[in-house]
Amino acid sequence: MAPMHNNLSSADGIWTLRRLPDMDEAQFSQWQTLLEHRTGITLSAERRSFLETNLGIRMREIGCASYQDYYEKIVTGPDAIREWSTLVDRLTVQETRFFRDPDAFQLVSDYVLTRPREQLKKRPLEAWSVGCSTGEEPYTLAMVLNECMGKLALQPLFGVTGSDISAPVIEKARNGQFNPRKLLGMDEDLKSRYFRPAERNTVEIVNSIQDRVCFTRLNVLDLDKAPMHGMHIIFCQNLLIYFRRWRRREIVKRLAERLAPGGLLVLGQGELTDWQPPGLQRVPSEHVLAWIKRQTDEE
């Protein structure tokens, strides 16, 4: 490894990583406040080591010697906006894969297959993956919807939007290329129909699915400004765990406002407890946390 500014030391001619000092209470509180203010994400005291590790990796990359120096770079430095985007990417991107929660996607399939055919003919289905990371979830939704349309012998009239706070992961998602390990556990028939070999030992989503999915950068704190309205399916899994309970409720209320009457909202198990979102009816399921938006007289 080549030496990197003040973050490496040499002993007997061998370069080794110099350990960063532990983050003190005041520094951790400072970073907690910044993250929650800008993203709504709450870091508990138990996740201090997670923060230290990820900050440390980035600080070594750019040659920053202390947490305070890096904080000032993030807040007031000349490249603050770009550096903040890079850091958010490191702190929020989670390991994911296609069909990660089979029960949830089966629920989506059952929901579509039981909708009145005339409604499906009349208006394209619109789905939204909130906190979509590198795209596995929205592409999976597109495959599920495509399969449903085929079973119903209908034209594949649907669209899927994926949104995430991280600009780098949105770019990766748009690219549509994945490591084959992201397909572990997938049905072999689905693999063969929806993926093709690509460069550097990756696989690529076929055009018929890529064309149905679009991506946008969006902070969930700004849902009131989101252009998505009248969505039939909103999928928001493994995102709310990062937020305080009151903010989770606020986010879910905002998402519910963007559902069409009769629309389906799917969350991660355990992400919302002891609260009934207004205007929504819980879907009876032991394995999936989901609600249907109550119909209006017009539907």
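Here we summarise the structure given alongside this text.

What counts and what doesn't
The numbering scheme is per chain: residues are counted from 1 as the chain's sequence reads. In keeping with the predicted nature of the model, local features appear solely for residues at pLDDT of at least 70, side-chain atom pairs appear and are counted solely at 80 or more, and the whole-chain, interface and lining totals rest on all residues. The side-chain numbers reported here are obtained from all heavy atoms of the structure, hydrogens and water having been left aside. Only DSSP runs of H or I with at least four residues qualify as helices, and only runs of E with at least two residues qualify as strands; both kinds are numbered from the N terminus onward. Three exposure classes are used, based on accessible area relative to the maximum for each residue type with a 1.4 Å probe and protein chains only: buried under 20%, partly exposed in between, and exposed over 50%. In what follows, residue pairs with any heavy atoms lying within 4.5 Å of each other are defined as contacts. Expected helix span is computed as 1.5 Å times (number of residues minus one). Within 3.5 Å is the distance limit for a polar contact, defined as a pair of N or O atoms, with the added protein rule that one can donate a hydrogen and the other accept it, and that residues adjacent in sequence qualify only through two side-chain atoms. To count as a disulfide, a pair of cysteine sulfur atoms needs to be within 2.5 Å. Any two strands are treated as partners once DSSP identifies two or more bridges connecting them.

### Side note on the environment of Lys253
Considering the arrangement of structural elements, one finds Lys253 in helix α11 (residues 245–257). Lys253 sits in the partly exposed class, given a relative accessible area of 36%. With 26 residues separating them in the primary sequence, Lys253 and Gly279 have C-alpha atoms 9.2 Å apart. If we ignore the near neighbours within four places in the chain, the residues touching Lys253 are Trp275 and Pro278.

### Considerations on helix α1 (residues 25–39)
Across its 15 residues, α1 extends 21 Å between first and last C-alpha, which sits within 8% of the 21 Å expected from 1.5 Å per residue. Those residues of α1 that sit buried are Gln27, Phe28, Trp31, Leu34, Leu35, Glu36 and Thr39. Buried-residue contacts for α1 involve α2 (48–62), α3 (67–76), α4 (80–92) and α11. With a side-chain oxygen positioned 3.2 Å from the backbone nitrogen of Ala26, the residue opening α1 is Asp24. Positive phi shows up at Gly40, right after α1, with a value of about 85°.

### Overview of the state of the cysteines
All chains considered together, the criterion is met by zero disulfides. Residue Cys148 stays outside any disulfide, its sulfur separated by 19 Å from that of Cys214, the closest cysteine. Note on Cys148: relative accessible area 1%, which makes it buried. Cys236 takes part in no disulfide bond, and the closest cysteine sulfur to it belongs to Cys132, at a distance of 11 Å. Assessed through its relative accessible area of 0%, Cys236 is described here as buried.

### Section: the sheet that holds strand β5 (residues 177–178)
Spatially, the three strands line up as an open sheet ordered β5-β7-β6, and their pairing is antiparallel. Two strands close off the open sheet at either side, each with one partner strand: β5 and β6 (195–197). Taken together, the three bridges between β6 and strand β7 (residues 203–205) define a ladder with antiparallel strand orientation. By the bridge assignment, Phe195 is partnered in β7 with Ile205.

Geometric descriptors of this kind do not, in isolation, establish any biological role.
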